[in-house]
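# Descriptive analysis of the structure
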Amino acid sequence: MSEKDVDVDTSVAAGVELVLRSTRVVTPEGTRAASVAVSGGKIVAVAAHDAAVPHGARLEDFGDDVLLPGLVDTHVHVNDPGRTEWEGFWTATRAAAAGGITTLVDMPLNSLPPTTTVDNLRTKQDVARSKAHIDVGFWGGALPDNVADLKPLHDAGVYGFKCFLSPSGVEEFPELNQDQLATSMAEIAGFGGLLIVHAEDPHELDAAPHTSGPKYADYLATRPRVSEDTAIEKLIALAKRIGARVHVLHLSSSDAIPLIAAARREGVRLTVETCPHYLTLTAEEVPDGASEFKCCPPIREAGNQDLLWGALADGTIDCVVTDHSPSTADLKTDDFATAWGGISGLQLSLPAVWTEARKRGHTLDDVVRWMSTRTAELVGLDRKGAIEAGRDADFAVLAPDETFTVDPAELHHRNRVTAYAGKTLSGVVKSTWLRGERILHGGEFTEPAGRLLERNN
């Protein structure tokens, strides 16, 4: 019995209401057999597997199924209010819970209004409050004309600010040019905030071929790697000059990895995410007209994917998030030029990543680090992201060796369009727990129990 595996201390045993037990519990020290004691929605102890269950506490024994910390997805487009026919808090948070995600942070665009003022934030919170099955936080948006709104939004509890360097796809959320980027970055750095950036250079996109039609290779040529590489290079230079903390969203170009690694060595405060679709899908497999695979930046070639996995393994890429960006099915036309660009991945992100990760020799400890611990760290959610005393009792129970074939009819997001249709994936989420309460079991959900989170509480 290690120092970490002890009986529940008598000082906390009296208050323990629930003990969750498994032969495989993913903790910060690694996966081991353990019993996790819960009181008041918090983890109060991680004890030996055979630790005595305190009097009055309920035991849930999961056998050999794996007990994970609930995943934290910091890149989700819920689109509610305003485009609720695309997605909504009720459906998105159910899909997330079905995928073992217990916390998400909602992006500021594709809803109407966008989260670019405090009033707009309050509107979105009011809509989400009664619909959230999991905990929900919010990003703010940085636009050319809202610099004066950034500090008030920060004080109101957003976790940071998203901007685009090229057109966002919706007219109410325009991109920043380099001067506007510098102004917003300096403002955000001044109060210690975080700027998160969709990094594709508009000039490189303009210089790329402008083609239309059903062939994926033609679409891929319209968003070349150099558009990401150039944008990231400029972002790094600006962040270095200003001393700002910045985060690169949805990295798909492996060519940018050396730039990122060099910036880190120079002390630039830079973090980077990638997404399940870049790690598990390849350009070579996309059929003609299959715009369910379209996203921006795009899914690239298999060789590029291998290099992304290498950067994830060595820590150059920090974390994996879904960039869940759904639309109605009619917007997914067979013309890649005009189809809506976004992958719906909330429910399938964990099994998709785990299926590929295990093939490449990675463990569930790695997956938890990428999809829970580091995402929680990105936004400062110190109550989330790990199974250890003091954290929220948020869990997913996973049967990692069970497989299933993706059937769009079984998805919970509003529009059941998916690039994973027909794929066989490993890892079945058996139940999901939020602050010690089981919110999903056997495909059945409880009533919404999620809370709205703010950065400063």
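The following paragraphs examine the structure supplied in this document. Bear in mind that the values here come from a model prediction, so they are computed numbers and not experimental data. (Residues numbered from 1 in each chain as written. Predicted model: local features only at pLDDT ≥ 70, side-chain atom pairs only at ≥ 80, totals over all residues. Heavy atoms only, no water.)

### A closer look at helix α13 (residues 364–379)
Because the α-helix completes a turn every 3.6 residues, residues three or four places apart line up on one side. Between its terminal C-alpha atoms α13 stretches 22 Å, which fits the 22 Å expected from 16 residues at 1.5 Å a residue. Along α13, the residues that are buried comprise Leu364, Asp366, Val367, Val368, Trp370, Met371, Ser372, Thr375, Ala376, Leu378 and Val379. Its side-chain oxygen at 3.3 Å from the backbone nitrogen of Asp365, Thr363 defines the N-terminal cap of α13. Just beyond α13, the residue with positive phi is Gly380, at close to 80°. (Helix = DSSP H or I, 4+ residues; strand = E, 2+ residues; numbered from the N terminus. Expected span 1.5 Å × (residues − 1). Buried < 20%, exposed > 50% of the residue type's maximum accessible area, 1.4 Å probe, protein only. Polar contact = N/O pair within 3.5 Å; in protein donor to acceptor, adjacent residues only side chain to side chain.)

### Topic: the sheet that holds strand β12 (residues 245–248)
Strand order in the open sheet made by the six strands is β9-β10-β11-β12-β13-β14, with parallel pairing throughout. Each end of this open sheet is capped by a strand with a single partner; those strands are β9 (140–141) and β14 (319–320). Bridging between strand β11 (residues 194–198) and β12 involves four bridges; their strand directions are parallel. Residue pairing in the sheet places Ile196 in a bridge with His247 of β12. Sheet contacts for helix α5 (residues 178–190): β10 (161–164), β11 and β12; angle to β11, the most-contacted strand, approximately 150°. (Pairing = 2+ DSSP bridges. Contact = heavy atoms within 4.5 Å. Axes fitted to C-alpha atoms, helices over the stretch in contact; angles between N-to-C directions.)

### A few points about helix α11 (residues 302–314)
Over its 13 residues, α11 runs 19 Å from end to end, which matches the ideal 18 Å to within 8%, given 1.5 Å per residue. Those residues of α11 not exposed but buried are Asn304, Gln305, Leu308, Trp309, Ala311 and Leu312. For α11, the buried positions fall inside an angular range of 160° around the axis, keeping them on one side. Facing away from the buried side of α11 by over 90 degrees, the exposed positions are Leu307 and Asp314. Residue Gly315 follows α11 closely and has a positive phi angle near 90°. (Arc of directions from axis to C-beta.)

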